[in-house]
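Architecture at a glance
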Amino acid sequence: MPVRRLVHPPRPSSDDVPSLPRPRDGAPGDHGKPPAPAAGGAGLRLDIQGLRAVAVTLVVLGHSGVSSVAGGFVGVDVFFVISGFLITSLMLREWGRDGRISLGRFYARRALRLLPASTLVVLATLAGSWLFLGPLRFADYAKDAIASAWYVVNFRLAEVGTDYFNTDVPPSPFQHFWSLAVEEQFYLIWPIVLIVGLKLFRRRVLLAIPLLTLAVASFALSLHLTETSPSWAYFGSQARIWELAVGALLALAAHRLDDIPRPVAAVVSWAGLAAIAYAAVSFDESTPFPGYNAVIPVFGAAAVLAGGAAAGRWGAGAVLSLRPAVWIGGISYAWYLWHWPLIIIVPVGFGENDGPLRLIAALGGIVLAWATLHLVENPMRFHRAFKARARRGLSLGLGLSATAAAAAVLAVQFPPTLSEGVARPDTKETIAGASDPRAALTELLRQPVEKLPSNLTPRMRDTAYKRSAVYTDDCALTMTGTVQTQPCLYGDTDAERTVVLFGDSHVAQWFPALDAIARKHHWKLYSLTKNACKISQITIEWNGGPYSTCDDWRAVTIEKIREMKPELVITSSSNSAKLYGEGDMAEVWGKGQAETYRMLQEGGTRVLTVLDTPWPKNNAVDCAVAHPDTLSDCARHRSQADRKPEVTQAIREAAAAEDVTILDPYDWICAPSGTCPTVVGNTMVYRDFGHLADGYVEALTPVVEDYLLELYGEDLSRRPGA
C-alpha cells in the first residue's frame, strides 16, 4: 500500500551547530586539544548547516511535485543522523565541562528551541484547515493537532496508515510533526542511558555497547516492519531509533574524527553527499522504505559528518559551508514546519490540488521561516527569564503544548459547514417503493444533482468513515492476513441454501445489499474477502514484492469453498493491480480467472462474477466537499471509468469460456447519458476512490434482488439460461 504519497516530511534537526567535540581520548571527563574547524568556521561545523540545507531543499522539492527528486523523503534520515550526532555531542561536552548532565536543562533547552515555533505553526495550520479543507476530515485534523502537541502523532499516523481504505485519503496537514515525535521519544530514553553509561564506564568503546545493541534491534525491527506493516516501519519510533543511534555512535567517536587523513576524509565526505543525492533521485513512493534502502542516506549523512571534521577545503564542506547553504540551514527547522501545511492548504484555497502552486507555496515558506526564527524562536529561546531557569523553560513548554491542544479541542466544537442545495428525492425510499426498481433507479440517474442535497443521507462523514459488518467483524482480511479466524456468516444463519462472497473489497462493497437479500430469502451468506486480493490465479505486486499472502489465502479459501459446496459463489475484484513478474497483464489475468472458475464449479456450484464498478475521478467524498455547488466537476463519463478495460475484457472472455454469468453494474451507477455521478437522489454513490458507498448499495437492494431472483430463483435452484 502506498503509504508515502506525500507522507515523507522530515523534521530538520532542532539544535544549533555546536563547536566541534573536544575530548580526544577515551575518558569522558578529559579535555584534549580541540580539532581543527571545518571549512568556513572557527570551531563551528558550518558544513552541518549546509547539510541541513541540502536535506530540507530536497524534501521541499520532492513534496512540491518535482519528479526528479521524488526520493527527497530521505531527508528525514539525514536529519535523524544529524540530530543524534549533535545532541549526543552537546551532552558529552556538558559532561566533560561540568562532570554531570542536567536532564532538567536538557529538556528545557529542547522545549525552548522547538515549541514556540511549532505551537505557532500548529495554531496557524488548524486555522487554515478550518477555513479551506472543509468539514469532512476536520475532526481528524484536530486530533492530529493534539497528537502533534504531545509528541505522539507518529503513532496515530502509523495506526491510521494500516487502514486499507486510507490509501487515497489526503495527507494530514499535521503529518510533518511525526518526525519531531520520533526524535522526542528517542530523547526520553537516550540521555538517561548515556548518563548511566558515563557513570559506569570510563572508555567510550564500552559506552557504545548499549547504543549499538539498541541500534541493531531497531534496524532488525525496521526490516521486518517494512515488509509486514509499512506504515509502522515508516512512522514508528521503534523502527527509526537506529538512525538517530548512528549519529549518536558517531558522536562517541568524534574525538578521533580529526585524525582521519585529509584526503581520505575528503573522499568520505563527498561519497556521503553523493549517496544522499543518489537516494533522492533514485527512490520514489514505490521504494520499500525504510528497511535496507534507508542505509544509503543514513550512512551517507554519517559519512558527511565524519569526513567533514578533517577534510578541510577539499571535502564536501567546501560547498556545504557556502553562505547561502548555511543561511538556509539556519532556517531549516522553521521552513520545514511551514512548507508542509502550505503545500497542503494553499492549493486548495485556490481551487487546485496539484501543479506549480505547491512549489510556489512551499518556497513562500522561506519568508515565514525567517520571520518565525527572528520574531518567535530566538526571542523566546534566548530570553533571560527562561534561559537560566530550567523549570521556567519546562513550564513554558508544557503551557505551549497545552495551548495548542486546547485550541484543537475548542475548534472541534465549532466545525466548518458545507454549502447545501435543495432537498432531493430519497434514493432508498424511491427505489424501494417502486413497482419497477430498475426503472426508478434509471429515472433518478437521469436527474443530475449539481449541489449537495440538504437532506443528504447518510451524512457525508458517515459515508466516508462508517463500515459494514464485514469490516467491523474483521471479516475482510488485511494485506498481511492469510487465515480467516472469524466465521463471517451472515444472512439467515440457520438456512439450508448457501451463498459465498469471494474476492477483494470490490465484492465486499456489495455486502449491505446481499446481506439484506439473504436474510429475506433465507440464504446463508459467507463473506470470504481479503483486501486487494484478486480471485484470478495471478501474483500481483505489493510493497515492491509479490503479494504472497494473497496467493496463500486464495488457495486456502478456494479449497474451503469447494468443501462447503454452496449453491452460489459471487465473485468480484478490482481490476486495478500491477502484475508481479513478466507477462501481458490481460492475458495472464484471463487465464488465471478461468482457472479459478473451473476450480469453483467442479462440484456443481454456480458462479456469478460482478464486473468492477466504474471508478470516479478521485476520492469522491473529498471532491464533493471541495465542490459542493458544482458536483459535475466530480462526475466521470463511463467511457473513462474503467481503469483496465483490457482486464475487464479478459474477465468477460474467461467467464464466457467457463459458462460463468456476468453482472455488469455500470447501468446501476451511470446515467443513460454516460455520466457516472457522485450523488444520485440524496445519496452519495462512492465512499472514496473506487468503492461504492454503503448507503447507495443499500438503496440498490431491490434492484440487486430482482436480478438475482431472475437468474437463480428464490431457492437458488434455477440455472441461468436453462
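Residues numbered from 1 in each chain as written. Predicted model: local features only at pLDDT ≥ 70, side-chain atom pairs only at ≥ 80, totals over all residues. Heavy atoms only, no water.

**Digging into the overall build of the protein chain**
Helix and strand counts for the protein chain come out as 31 helices and 13 strands. Against the compact-globule benchmark of 27 Å for 722 residues, the protein chain has a radius of gyration of 29 Å, which places it among compact chains. Burial analysis of the protein chain (722 residues in total) assigns 57% to the buried set. Within the protein chain, contacts between residues separated by at least 24 positions form 82% of all contacts whose residues are at least 6 apart in sequence. In the form shown here, the protein chain has an accessible surface area of approximately 28400 Å², with 59% of it arising from carbon and sulfur atoms. Of the side chains in the protein chain, 66 bear a positive and 68 a negative charge, and the two mean positions are spaced by 14 Å. (Helix = DSSP H or I, 4+ residues; strand = E, 2+ residues; numbered from the N terminus. Rg over C-alpha atoms; globule rule 2.2 N^0.38 Å. Buried < 20%, exposed > 50% of the residue type's maximum accessible area, 1.4 Å probe, protein only. Contact = heavy atoms within 4.5 Å. Areas by Shrake-Rupley, 256 points an atom, 1.4 Å probe, with all protein chains shown as cover. Lys, Arg positive; Asp, Glu negative; His and termini not counted. Charge placed at Lys NZ, Arg CZ, Asp CG, Glu CD.)

**Regarding the state of the cysteines**
Within this structure, the stated rule accounts for four disulfides. In this model Cys-475 forms its disulfide with Cys-488; the gap between the sulfur atoms is 2.1 Å. Measuring the twist about the S-S bond at about -100°, one finds the Cys-475-Cys-488 disulfide to be left-handed. Here Cys-488 lies in the loop between strand E1 (476-477) and strand E2 (489-491) and Cys-475 lies in the loop between helix H22 (469-472) and E1, a separation of 13 residues in the sequence. You can call Cys-475 buried: its relative accessible area is 1%. Disulfide connectivity for the protein chain, with bonded cysteines indexed by sequence position, reads 1-2, 3-4, 5-6, 7-8. (Disulfide = S-S within 2.5 Å.)

**Remarks on unusual backbone geometry**
Of the consecutive residues Phe-289 and Pro-290, the connecting peptide bond is found in the cis state with omega at 10°. Within the secondary structure layout, Pro-290 lies in the loop between helix H11 (262-282) and helix H12 (295-308). Note the cis peptide between Thr-457 and Pro-458, where omega equals -10°. Along the chain, the position of Pro-458 falls in the loop between helix H20 (437-446) and helix H21 (460-465).

**A closer look at the environment of Ala-275**
Take Ala-275: it is sitting in helix H11. In this structure the C-alpha to C-alpha distance between Ala-275 and Phe-299, which are 24 residues apart in sequence, comes to 8.1 Å. What Ala-275 contacts, discounting residues up to four positions off in sequence, is Ile-296 and Gly-300.

**With respect to the packing of aromatic side chains**
One pass over the full model with this rule turns up 20 aromatic pairs. Measuring from ring centre to ring centre gives 6.1 Å for Phe-155 and Trp-232, while their planes differ by 35°; the resulting arrangement is tilted. Of this pair, Phe-155 sits in helix H5 (residues 153-160) while Trp-232 sits in helix H8 (residues 230-235), and the two are 77 residues apart along the sequence. Judged by its relative accessible area of 31%, Phe-155 is partly exposed. An angle of 25° between the planes, with centres 6.3 Å apart, marks the rings of Phe-186 and Trp-190 as stacked. Of this pair, Phe-186 and Trp-190 are both found in helix H6 (residues 178-200), four residues apart, which corresponds to roughly one turn of the helix. Each member of the pair, Phe-186 as well as Trp-190, is classed as buried. (Phe/Tyr/Trp six-rings, centres within 6.5 Å; stacked < 30°, edge-to-face > 60°.)

**So, the pairing of strand E4 (residues 523-530)**
Within E4, seven of the eight residues are buried, which leaves the element mostly enclosed by the surrounding structure. In this structure, E1 lies alongside E4, joined through two bridges in parallel fashion. Paired with Ala-476 across the strands is Thr-529, a residue of E4. Judged from the three bridges that link them, E2 and E4 form a sheet pairing that is antiparallel. Bridge assignment links Tyr-490 to a residue of E4, and that residue is Leu-525. Pairing between strand E3 (residues 497-503) and E4: seven bridges, direction parallel. Among the inter-strand pairings, Arg-497 is bridged to a residue of E4, identified as Trp-523. (Pairing = 2+ DSSP bridges.)

**Description of the packing of helix H3 (residues 103-132) against helix H18 (residues 390-412)**
Between H3 and H18, the shortest axis-to-axis distance is 8 Å and the interhelical angle comes to 20°. With respect to H18, the element H3 is oriented roughly parallel. Of the two elements, H3 crosses H18, and the hand of that crossing is left-handed. Taken together, the residues of the contact of H3 with H18 sort by class into 18 nonpolar, five polar and one charged. (Axes fitted to C-alpha atoms, helices over the stretch in contact; angles between N-to-C directions. Parallel < 35°, antiparallel > 145°, perpendicular 65-115°, else oblique. Left-handed = near helix turned anticlockwise from the far one by under 90°. Nonpolar A, V, L, I, M, F, W, Y, C, P; charged D, E, K, R; others polar.)

**Overview of H18**
One turn of an α-helix holds 3.6 residues; hence residues three or four places apart share an orientation. With 23 residues, H18 should reach 33 Å at 1.5 Å per residue; the first-to-last C-alpha distance of 34 Å fits that figure. All of the buried residues along H18 are Gly-393, Leu-396, Gly-397, Leu-400, Ser-401, Ala-404, Ala-405, Ala-408 and Ala-411. (Expected span 1.5 Å × (residues − 1).)

**Examining helix H1 (residues 46-63)**
For H1, with 18 residues, the first-to-last C-alpha span of 26 Å sits near the 26 Å given by 1.5 Å per residue. For H1, the tally of buried residues reaches 15 of 18 residues, placing the bulk of the element in the interior. Of the residues trailing H1, Gly-65 is marked for its positive phi of about 95°.

**A few points about the pattern of salt bridges**
In a structure, side chains of opposite charge can pair up when their charged atoms sit close to one another. Per the counting criterion, the structure on display carries 31 salt bridges. Linking Arg-45 and Asp-47 is a salt bridge whose minimum nitrogen-to-oxygen distance equals 2.8 Å. The pair formed by Arg-45 and Asp-47 is uniform in burial state, with each residue classed as buried. One network of salt bridges, with partners in common, ties together Glu-94, Arg-97, Asp-98, Arg-105 and Arg-109. (Salt bridge = Lys/Arg side-chain N within 4 Å of Asp/Glu carboxyl O.)

**What about the pairing of E3?**
Where burial is concerned, most of E3 is hidden: six out of the seven residues are buried. As defined by bridge partners, E3 adjoins strand E7 (residues 568-572) across five bridges and the pair is classed as parallel. For Gly-503, the partnering residue across the bridge sits in E7 and is Ser-572.

**Concerning the environment of Cys-475**
Counting along the chain gives 53 residues from Cys-475 to Leu-528, while the straight-line C-alpha distance between them is 7.0 Å. Look past the residues within four positions of Cys-475 in its chain and what remains in contact with it is Val-470, Gln-484, Gln-486, Cys-488, Tyr-490, Ser-527 and Thr-529.

**Considerations on the nonpolar core**
Of all hydrophobic cores here, the largest spans 111 residues; its most connected members are Leu-51, Phe-85, Phe-177, Trp-178 and Trp-190. No other element matches helix H2 (residues 75-98), which puts twelve residues into this core. (Core = buried A, V, L, I, M, F, W, Y, C linked by side-chain atoms within 4.5 Å.)

**A look at a nonpolar patch on the surface**
Together, Trp-130, Leu-131, Phe-132, Leu-410 and Phe-414 give the surface a local cluster of nonpolar side chains, amounting to about 560 Å² of exposed area. If you trace the backbone, Leu-410 turns up in helix H18. (Patch = residues over 30% accessible without salt bridge, like charges linked within 9 Å, V, L, I, M, F, W, Y side chains within 5 Å.)

**Digging into the packing of H6 against helix H7 (residues 204-228)**
Where H6 meets H7, the closest approach of the two axes is 9 Å, and the angle between their N-to-C directions is 150°. Taken as axis vectors, H6 and H7 run roughly antiparallel relative to one another. The chirality of how H6 crosses H7 is right-handed. Counted together, Phe-186, Ile-189, Trp-190, Val-193, Leu-194, Gly-197 and Leu-198 of H6 and Leu-207, Pro-210, Leu-211 and Leu-214 of H7 form the full contact between these two elements. Tallied by class, the residues present in the contact of H6 with H7 amount to ten nonpolar, one polar and no charged.

**Focus: the side chain of Ser-527**
Looking at where Ser-527 falls in the secondary structure, it is placed in strand E4. Dropping the residues within four chain positions of it, Ser-527 is found in contact with Val-470, Cys-475, Gln-484, Cys-488, Tyr-490 and Leu-501.

In short, the description is geometric, and any link to function would need to be established separately.
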